[in-house]
Amino acid sequence: MVQVAEIIVTPQESGFGARIEGVDLSRPLPPAVLAEVKAAWARHSVVAFPGQPLSLEALEAFTQTIGPFGVDPFIAPMPGHPNVLELRREPDETATNFGAGWHSDWSFQKTPPAATLLRSQVIPPVGGDTLFADCSRAYEALSPVMKKMLEGVRAIHSASRAYGTQGVFAKESAKRTMEIIVSPEADKTLTHPLVRTHPVTGRKALFVSPVYTVGIEGMAVAESQAILGFLFAHIVQEQFVYRHRWEKDMLLMWDNRCTVHFAEGGYDGHLRVMHRTTVAGEPPV
Ligand code: SIN
């Protein structure tokens, strides 16, 4: 008898985002189950696994079943765990919460991460949701004329606004628990296709974000600001957004190739602790 793997996938009503149950991520997944998980992730882009009290080692091991670790710059990793970041905000912190701007993780890298995995260790009683926008649907909803106009266009990405020498973190004076590394490296720029094609699904997606996209190659500042401003507002319209509400011990895995996300605050006075890994991606095409 051939055992057929069965996981329970409960999609959000829109189909963007899903909950996956019936798996224990603390142990190696049988290949057929892993294949189902990957297929659900490709289909829904943001998948949540509730009830996963994983050790850091188990989080690392599951991450590596999705792919090799990505490179996480500008934030000191956890001691003894070079590929895990702790996103920690203490109750008395007044600095803006980490990730409070729409972005796709590390899109300023030559090969930005395909996936990010984030596991909730301590969640606040209020606030702290993570919002995701579906950049494939946002692209598909554009007019044929706009799609044509964006063909072959390259967007300029940089970490400068956040981690650069003149960036937000360089100017910050409020206490922050996370160790952020401001660096001239962050001031560098590179370009990616403004519309990228997903290597698994073949769907096209807008690949821009207000945090890391700083211009459009070959355009005057006013021109690129107008187009990017339109696209940023277009992507985060309600019909493309999924609001993720955390539960303790939940693992979330999202696809940076076709989504952008925003970490909401609203939990001053409460502790929030998350552990994060990334999976290496491929150069956007
Ligand atoms: C991030 O990775 O951008 C932060 C997400 C979160 O803390 O909810």
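Note that the structure is a prediction, hence the values are computed from the model and not measured.

Colleague: For this particular structure, what's the right way to read the state of the cysteines?
Modeller: Working definition: the covalent bond between the sulfur atoms of two cysteines is a disulfide. A complete count under the given rule lists 0 disulfides for this structure. The thiol of Cys135 is unpaired, and the distance to the nearest cysteine sulfur, on Cys258, comes to 7.4 Å.

Colleague: Hey, could you run me through the site of the ligand in this one?
Modeller: Taken together, the residues surrounding the ligand are Leu87, Gly99, His103, Leu118, Thr130, Trp254, His261, Ala263, Arg272 and Arg276. At 2.5 Å from an oxygen atom of the ligand is found a side-chain nitrogen or oxygen belonging to Thr130. Measuring from an oxygen atom of the ligand, one finds a side-chain N or O atom of Arg276 at 2.6 Å. Across the complex, the protein chains shield 99% of the 260 Å² of accessible surface that the ligand would expose by itself. Here the ligand occupies the largest cavity. Mapped by element, the contributors of at least two residues to the shell around the ligand are strand E14 (259-263) and strand E15 (272-279). When its residues are assigned to classes, the shell around the ligand shows 4 nonpolar, 4 polar and 2 charged.

Colleague: What should I look at first to understand the pattern of salt bridges in this one?
Modeller: With the rule as written, the count across this model stands at 21 salt bridges. Residue Asp24 pairs with Arg27 through a salt bridge whose shortest N-O separation is 3.3 Å. Asp249 is the salt-bridge partner of Arg119, the closest N and O atoms lying 2.8 Å from each other. Here the residue Arg119 occupies a position in strand E5 (residues 115-122), and Asp249 occupies one in the loop between strand E12 (241-244) and strand E13 (251-255), the gap between them amounting to 130 residues.

How each quantity is defined
- Residues numbered from 1 in each chain as written.
- Predicted model: local features only at pLDDT ≥ 70, side-chain atom pairs only at ≥ 80, totals over all residues.
- Heavy atoms only, no water.
- Disulfide = S-S within 2.5 Å.
- Near = heavy atom within 4 Å.
- Polar contact = N/O pair within 3.5 Å; in protein donor to acceptor, adjacent residues only side chain to side chain.
- Areas by Shrake-Rupley, 256 points an atom, 1.4 Å probe, with all protein chains shown as cover.
- 1 Å grid on protein atoms, 1.4 Å probe; cavity = no way out; pocket = protein on both sides within 12 Å on 5 of 7 lines; lining within 4 Å.
- Sits in = over half its atoms within 2 Å of the grid points.
- Helix = DSSP H or I, 4+ residues; strand = E, 2+ residues; numbered from the N terminus.
- Nonpolar A, V, L, I, M, F, W, Y, C, P; charged D, E, K, R; others polar.
- Salt bridge = Lys/Arg side-chain N within 4 Å of Asp/Glu carboxyl O.

Any functional reading would require information beyond the geometric quantities listed.
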